[in-house]
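Listed here are the chains, written in short residue letters.
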Number of protein chains: 2
Amino acid sequence: MIVLDWLAKLLKLPDNFLSTGQGGGVIQGTASEAVLVVLLAAREKKACQIGGIYPENCRVLKTDSSTEYALSPDALNEAIACDIATGLIPFFLCATVGTTSSTAVDPLLALGKITKSYGIWFHVDAAYAGSACICPEFRHYIDGVEEADSFNMNAHKWFLTNFDCSALWVKDRNALIHSLSTNPEFLKNKASEGNMVVDYKDWQIPLGRRFRSLKLWMVLRLYGLQNLQSYIRNHIELAKQFEELVAQDPRFEVFAPRKFSLVCFRLVPPHNDKDCANKLNHDLLDAVNSTGKIFISHTVLSGTYVLRVAVGAPLTEKRHVIAAWKVLQDEASALLCCG
Amino acid sequence: MIVLDWLAKLLKLPDNFLSTGQGGGVIQGTASEAVLVVLLAAREKKACQIGGIYPENCRVLKTDSSTEYALSPDALNEAIACDIATGLIPFFLCATVGTTSSTAVDPLLALGKITKSYGIWFHVDAAYAGSACICPEFRHYIDGVEEADSFNMNAHKWFLTNFDCSALWVKDRNALIHSLSTNPEFLKNKASEGNMVVDYKDWQIPLGRRFRSLKLWMVLRLYGLQNLQSYIRNHIELAKQFEELVAQDPRFEVFAPRKFSLVCFRLVPPHNDKDCANKLNHDLLDAVNSTGKIFISHTVLSGTYVLRVAVGAPLTEKRHVIAAWKVLQDEASALLCCG
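In this text, all values refer to a predicted model and were calculated from it rather than measured experimentally. (Residues numbered from 1 in each chain as written. Chains lettered and ligands numbered in written order. Predicted model: local features only at pLDDT ≥ 70, side-chain atom pairs only at ≥ 80, totals over all residues. Heavy atoms only, no water.)

> Looking at this structure, I do not really get the overall build of chain A. What am I missing?
In terms of helices and strands, chain A carries 10 helices and 9 strands. By the compact-globule yardstick of 20 Å for 339 residues, chain A fits well, its C-alpha radius of gyration being 22 Å. In terms of overall dimensions, chain A has a C-alpha envelope of 75 × 55 × 35 Å along the principal axes. When each of the 339 residues of chain A is scored for burial, the buried share is 50%. Contacts spanning at least 24 positions in sequence make up 71% of the contacts within chain A whose residues lie at least 6 apart. Carbon and sulfur atoms form 56% of the exposed surface of chain A, whose accessible area is close to 15600 Å². (Helix = DSSP H or I, 4+ residues; strand = E, 2+ residues; numbered from the N terminus. Rg over C-alpha atoms; globule rule 2.2 N^0.38 Å. Buried < 20%, exposed > 50% of the residue type's maximum accessible area, 1.4 Å probe, protein only. Contact = heavy atoms within 4.5 Å. Areas by Shrake-Rupley, 256 points an atom, 1.4 Å probe, with all protein chains shown as cover.)

Quick look at the structure:
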């Protein structure tokens, strides 16, 4: 309780996410577990009207480069109106801040206003980028979180904490407890029956629970806010340097705006045919990863195959970033020359 | 894959739970997580007909002392018939071997025959008692597991492995994968697309996954089967000695038959009134736990408040069991004298 209140304060989350009021934080295993937990709480609130949540009842809303791959409030409004018109009841929105694919940042404030007007539970998944929000200059990325019902960031991703340690905060802890609590006879005791303790088993899916706050406490005590901020800033600075290297090479292009420590880019073939470009970048990824020197991943944005380089390891230095870029350039040269 | 195949062999699980066929094992966090995973797989198999699983659609079947608190096949048949008559579709049965409350053992073979005839997924939860089944003399408790679709035991309970490490085996791994797999672009790679690897993320709820087989491997390598068997046998022997101590004191009674290392017993008041007896045992539990010397828990069986003493810690010796009994006797004397 104490450690997650601390972390909430570092992130400047609104007070109603703190344990002092009706809210509170809880460590989950992963961001996907966190989403499930709040999804169940949200469903429970409208339980008598909503059946199972099947894939056909999930809406994946399309984004594109016009909003830098962020969810547009218009698209949300349209999807809600369309569902309501066919008798469905929208009850849960998961927005992302620093989404995996491209680190897009959804406009929380605008989305939150919409969900509020429809009584929809608003969850903000900032699994990766949440960590950056401990720096004042990056905190604006979660502006609007005051509209959210729940907020999640993974301390095990970019906060020097070992897997697993996914921090979830909710404004109304009773919504969680109401949908997830269990009370078998053999777990009853004076402390639980007298409401003298918080039973975190009622805030999660499994009954059993590991003790993970100690490792987060260790990180906070060992590094302190300033060192953690420097750590984040250094990674973002290194990614920015990589982005500049990409921009300087006319054979490459930066494909989506870099916000944090992930750079999305691709090799542009001389005759920019889409299929040909996609194949070329796929081949480049294979060639680069086959060197065994670095490992990069990819995504597809609006049908375009895009390479992804992320800075995130504690020991990464500028020389590693430069060396990585050299591998990419060399493999690109080899491909373009033979192709 | 290898470690869970080993463990399956120690338990003499049928070959169709092994990874060599269509089945396989996977480490989950807890038994409750394991149940959820197979429940979802079972639901998916009948998905078009089944809605959400709300509490009103769950059947908790009553047991009593006539079957030593095991689920009776008649009760199951009756519940199924009743549900079908009202248009419901039973699709999942969770039987337990060594259930938490009293370590009752459900008759797997008989229950399995019933579920098979109705196409119901049959899950066996042996979270605690499963460990004992590595001893030939206790293996019979899971006779009939060949009828099960899935089987679960917690290595973190009674198998010298640190929390969390819950081993789940299924006969049809595709049923799990079908209901739980995800395939985002950024996770695609040569190995996964070429079916060269098993993606255990598709066998569980969260996307992220810890590496827990190493600690189980360590336990198996460090102790070996014989030492693990001795470990189990010693605990059961110690519990048996505690049970004998209880039986020798006329003020107490053993309430449910002891099968493993849990003893369910209670203090019987001179005038055996039920409410009075329940209060007395509740008071005894409080008094014992207030000494700070030992910690015991309780349950309620057929309305009777029952005390539970479990032997399960690696360092427990005979002298600890005797000392615990002494605390119980002393506190009982104090209560009966004042009462």
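> Before we go on, may I ask you to explain the sheet that holds strand E3 (residues 121-125) of chain A in this structure?
The strands that make up a sheet are held in pairs by hydrogen bonds between backbone atoms, and each pair lies either parallel or antiparallel. Residue and element names in this part refer to chain A. Taken in spatial order, the 5 strands make up an open sheet running E1-E5-E4-E3-E2, and their pairing is mixed. If you trace the sheet from one side to the other, it starts and ends with strand E1 (24-28) and strand E2 (92-96), each paired once. Taking the axes of each pair of neighbouring strands and ignoring which way they run, one obtains an average angle of 20 degrees across the sheet. Against the sheet, helix H1 (residues 2-10) touches E1, strand E4 (150-154) and strand E5 (166-170), its axis set at about 80 degrees to E5. (Pairing = 2+ DSSP bridges. Axes fitted to C-alpha atoms, helices over the stretch in contact; angles between N-to-C directions.)

> Would you mind showing me how to read the domain arrangement of chain A here?
Often the size quoted for an interface is simply the accessible area lost on bringing the parts together. All names here are of chain A. We note that the domain assignment places domain 1 (2-210) and domain 2 (229-338) within chain A. Once you take the C-alpha centre of each, domain 1 and domain 2 turn out to be 32 Å apart. Each side of the interface is counted separately: domain 1 has 23 residues, and domain 2 has 20 residues. Counting each side, the surface lost to burial between domain 1 and domain 2 is near 1900 Å², with a carbon and sulfur contribution of 63%. Connecting domain 1 to domain 2 are 2 salt bridges. Note that Arg-233 and Glu-137 form a salt bridge whose closest N and O atoms lie 2.6 Å from each other. At the boundary of domain 1 and domain 2, one finds 9 residue pairs in polar contact (both at pLDDT 80 or more). Residues that form the side of domain 1 that touches domain 2 fall into these classes: 12 nonpolar, 8 polar and 3 charged. (Domains from an automatic or database assignment. Buried area = accessible area lost by both parts, 1.4 Å probe. Salt bridge = Lys/Arg side-chain N within 4 Å of Asp/Glu carboxyl O. Polar contact = N/O pair within 3.5 Å; in protein donor to acceptor, adjacent residues only side chain to side chain. Nonpolar A, V, L, I, M, F, W, Y, C, P; charged D, E, K, R; others polar.)

> When you look at the interface of chain A and chain B in this model, what are you seeing that I'm missing?
At the junction of the two partners, chain A supplies 31 residues and chain B supplies 31 residues. Here chain A and chain B share an interface that buries about 2400 Å² over both sides, 61% of which is from carbon and sulfur atoms. Residues Arg210(B) and Asp164(A) are paired through a salt bridge, measuring 3.8 Å at the closest nitrogen-oxygen approach. For the pair chain A and chain B, the number of links is 4 residue pairs in polar contact (both at pLDDT 80 or more). Looking at the side of chain A that touches chain B, the elements with two or more residues in it are helix H2 (31-45), strand E8 (297-301) and strand E9 (304-310) of chain A.

> How do you make sense of the relation of the copies chain A and chain B when you look at a structure like this?
For the pair of chain copies, the relating operation is a rotation around an axis with a shift along it. In the superposition of chain A on chain B (RMSD 0.0 Å, axial shift 0.0 Å), the rotation amounts to 180 degrees. Such a combination of rotation and displacement between the chain copies is what one expects of a two-fold axis. Looking at the interface residues of chain A, 100% of them are also at the interface in chain B, so both copies use one shared face. (Least-squares fit on C-alpha atoms with pLDDT ≥ 70 in both.)

> Is there a simple way to think about the sheet that holds E8(A) in this case?
Residue and element names in this part refer to chain A. Ordered in space as E6-E7-E9-E8, the 4 strands form an open sheet in which the pairing is antiparallel. Only two strands of the sheet have a single neighbouring strand rather than two, namely strand E6 (252-256) and E8. This sheet shows a mean twist of 45 degrees between the axes of neighbouring strands, independent of strand direction. Sheet analysis places E6 next to strand E7 (residues 262-267), joined by 4 bridges and oriented antiparallel.

> Hey, could you run me through the UniProt feature "modified residue: N6-(pyridoxal phosphate)lysine" (unreviewed entry) in chain A in this one?
Residues and elements named next belong to chain A. In the numbering adopted here, UniProt assigns the feature "modified residue: N6-(pyridoxal phosphate)lysine" (unreviewed entry) to Lys-157. Here Lys-157 shows up in helix H5 (residues 155-158). Ignoring anything within four residues of it in the chain, the contact list for Lys-157 reads Ala-127 and Tyr-128. (UniProt positions renumbered as here; feature names shortened; annotations may be inferred.)

> Please clarify how the side chain of Thr115(B) should be interpreted in this entry.
Topologically, Thr115(B) is positioned in helix H4 (residues 108-118). Not counting chain neighbours up to four residues away, the residues in contact with Thr115(B) comprise Leu93(B), Ile120(B) and Phe122(B).

> Help me understand the packing of H2(A) against helix H6 (residues 173-180) of chain A in this model?
Axes are the key here: two packed helices are described by the angle between their axes and the distance separating the axes. Residues and elements named next belong to chain A. H6 packs onto H2 with a crossing angle of 85 degrees between their chain directions and a minimal axis gap of 8 Å. The angle between H2 and H6 falls in the class roughly perpendicular. Each of Val-37, Val-38, Leu-40, Ala-41, Glu-44 and Lys-45 in H2 lies in contact with H6, whose residues at this interface are Ala-175, Leu-176, His-178, Ser-179 and Leu-180. Within the contact of H2 with H6, the residues separate by chemical class into 7 nonpolar, 2 polar and 2 charged. (Parallel < 35°, antiparallel > 145°, perpendicular 65-115°, else oblique.)

> Looking at this structure, how should I read the pairing of E4(A)?
Consecutive residues of a regular strand have side chains that alternate between opposite faces of the sheet. All names here are of chain A. In terms of burial, E4 is largely enclosed, as 5 of its 5 residues are buried. The side-chain alternation of E4 yields two buried faces, one formed by Ser-150, Asn-152 and Asn-154 and the other by Phe-151 and Met-153. Here E3 pairs with E4 via 3 bridges, running parallel. Of the residues in E4, the one forming a bridge with His-123 is Ser-150. Where E4 meets E5, 5 bridges bridge the pair, whose relative direction is antiparallel.

> Teacher, can you tell me more about the confidence of the model for chain A here?
As a general rule, the predicted coordinates of low-pLDDT regions are not to be interpreted in detail. On average, residues of chain A score 91 in pLDDT, and 98% of them reach the 70 mark or higher. Model confidence for the complex is summarised by a pTM of 0.90, with the ipTM given as 0.86. (pLDDT = per-residue confidence, 0-100.)

> Looking at this model, I keep getting lost on the environment of Tyr231(B). Mind explaining?
Residues and elements named next belong to chain B. By the secondary structure assignment, Tyr-231 is in helix H8 (residues 213-248). We classify Tyr-231 as buried; its relative accessible area is 14%. For Tyr-231 and Ile-53, which are 178 residues apart along the polypeptide, the C-alpha to C-alpha distance reads 40 Å. If we skip the residues at most four places from it in the chain, Tyr-231 touches Trp-158, Leu-160, Gly-312, Ala-313 and Pro-314.

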